[in-house]
Amino acid sequence: MSAIILSERRDGWRKLMLNRPERLNALDVAMHLALRSALDEAAADPACRAILITGAGRGFCAGQDLAEVASGAGAVSDLGALLDRHYNPLIRCIRALPLPVICAVNGIAAGASANIALACDIVLAARSAKFVQAFVKIGLLPDSGGTFFLSRLIGEARARALAMLGEPVSAEQAEAWGLIWKCVDDDRLASESEALAAHLAAQPTAALALIKRAFAAGAHNDLDRQLDLERDLQREAGRTADYAEGVRAFLEKRAPRFTGH
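Since the structure is predicted, the reported quantities are computational estimates derived from the model, not experimental observations.

Rules used in this analysis
- Residues numbered from 1 in each chain as written.
- Predicted model: local features only at pLDDT ≥ 70, side-chain atom pairs only at ≥ 80, totals over all residues.
- Heavy atoms only, no water.
- Pairing = 2+ DSSP bridges.
- Helix = DSSP H or I, 4+ residues; strand = E, 2+ residues; numbered from the N terminus.
- Phe/Tyr/Trp six-rings, centres within 6.5 Å; stacked < 30°, edge-to-face > 60°.
- Buried < 20%, exposed > 50% of the residue type's maximum accessible area, 1.4 Å probe, protein only.
- Lys NZ or Arg CZ within 6 Å of the ring centre and 35° of its normal.
- Axes fitted to C-alpha atoms, helices over the stretch in contact; angles between N-to-C directions.
- Contact = heavy atoms within 4.5 Å.
- Core = buried A, V, L, I, M, F, W, Y, C linked by side-chain atoms within 4.5 Å.
- Salt bridge = Lys/Arg side-chain N within 4 Å of Asp/Glu carboxyl O.

Colleague: Honestly, the sheet that holds strand S5 (residues 108–110) in this entry has me stumped. Any pointers?
Modeller: For sheets, the rule is that strands pair by backbone hydrogen bonds, running either parallel or antiparallel. One open sheet accounts for three strands, arranged S5-S7-S8; its pairing is mixed. Single-partner strands in this sheet number two, and they are S5 and strand S8 (169–170). Sheet analysis places strand S7 (residues 130–132) next to S8, joined by two bridges and oriented antiparallel. Its bridge partner lying in S8, Lys130 is registered against Ser170.

As structure tokens, then:
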């Protein structure tokens, strides 16, 4: 695995760390490729039942590495092509993974990286962290799902203001608004996020995957379609070994031992 992404195997889950601290983990093509490779590898590993994404150093990610797109051999004249090749496939990958994806935001999450974090299933942030839709400061609009996630999470009024003003949102404010799951003290971010990953890895993985599918469909379904989908997915969940184990454990008054099947 490339040193740009540090991938650690844990007991039932994987920790992926963006590792360009000297550039505030700014995203370049090499990092995109390494991150996608690490996600694909985790998804293909039958022993991996949860993924944790975080950043090395004093920030989560500064967004796109502007030095790469602005000049030299890496200059990019078509930003839409850059999104098509790297950012949009990454967002789709995170949302489609049949595994829970946790993001632990340590420090700044600016531009596309803020929206990559929001694409994850559960987001924790250090108290010192900030989320910034910085696009407008260089004449752009939010991408990487920003215009999709923001309004659904915090309402259109706040979403429009964040996009148009580019003002930072503290971790505490992000939690209060419902933008993220939880704000924690800086010195507890690693331990809390890792404990959460370990907890999810011990849960009924198939049910977690079905939960992701249901919420993804709920973004565009009407109530009747969503009720039908819940019926179909519940039928599927009810046929799993984990459902049978969960019922047995409940009746026997013991903790369930889920296998992810």
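Colleague: I would appreciate a short explanation of the packing of aromatic side chains in the present structure.
Modeller: Pairs of aromatic rings are described using the distance from one ring centre to the other and the angle between the two planes. With the rule as written, the count across this model stands at one aromatic pair. Ring geometry for Phe148 versus Phe149: centroids 5.5 Å apart, planes at 85 degrees, classification edge-to-face. Residue classification places Phe148 among the partly exposed residues on the basis of a relative accessible area of 33%. It is Arg152 that lies over the ring of Phe148; its NZ or CZ is 3.6 Å from the centre.

Colleague: I'm lost on the sheet that holds strand S2 (residues 14–18) in this one. Help?
Modeller: Spatial strand order, S1-S2-S3-S4-S6-S9: six strands in an open sheet with mixed pairing. Single-partner strands in this sheet number two, and they are strand S1 (5–9) and strand S9 (182–184). In this sheet, adjacent strand axes meet at a mean angle of 20 degrees when their direction is disregarded. As paired elements, strand S6 (residues 122–126) and S9 share three bridges and run parallel to each other. Of the residues in S9, the one forming a bridge with Ala125 is Cys183. Sitting on the sheet, helix H8 (residues 189–201) touches S2, strand S3 (51–55), strand S4 (101–105), S6 and S9, and the angle it makes with S6 is about 165 degrees.

Colleague: I would appreciate a short explanation of the nonpolar core in the present structure.
Modeller: General note: in soluble globular proteins, nonpolar side chains tend to be found buried as a group. Judged by nonpolar contacts, the single largest core of 52 residues is most densely connected at Leu39, Ile51, Phe60, Val105 and Phe131. In terms of residues, this core owes the most to one element, helix H3 (residues 79–96), which gives seven residues. Residues Leu124, Ala126, Leu189 and Leu208 belong to the second largest nonpolar core, which totals 14 residues.

Colleague: For this particular structure, what's the right way to read the pattern of salt bridges?
Modeller: For side chains bearing opposite charge, pairing can occur when the charged atoms are close. One pass over the full model with this rule turns up 22 salt bridges. Across the pair Glu41 and Arg14 runs a salt bridge, and its minimum N-O distance is 2.7 Å. Here Glu41, found in helix H1 (residues 29–44), pairs with Arg14, found in strand S2; they are 27 residues apart in sequence, far enough to count as distant. Exposure remark for Glu41: the relative accessible area of 31% places this residue in the partly exposed category. For Arg14, a relative accessible area of 2% translates into the label buried. The residue Arg225 makes a salt bridge to Asp222 at a minimum N-O spacing of 3.0 Å. Because the salt bridges share partners, they merge into one network encompassing Glu8, Arg10, Lys15 and Glu194.

The analysis is restricted to geometry; functional conclusions fall outside its scope.
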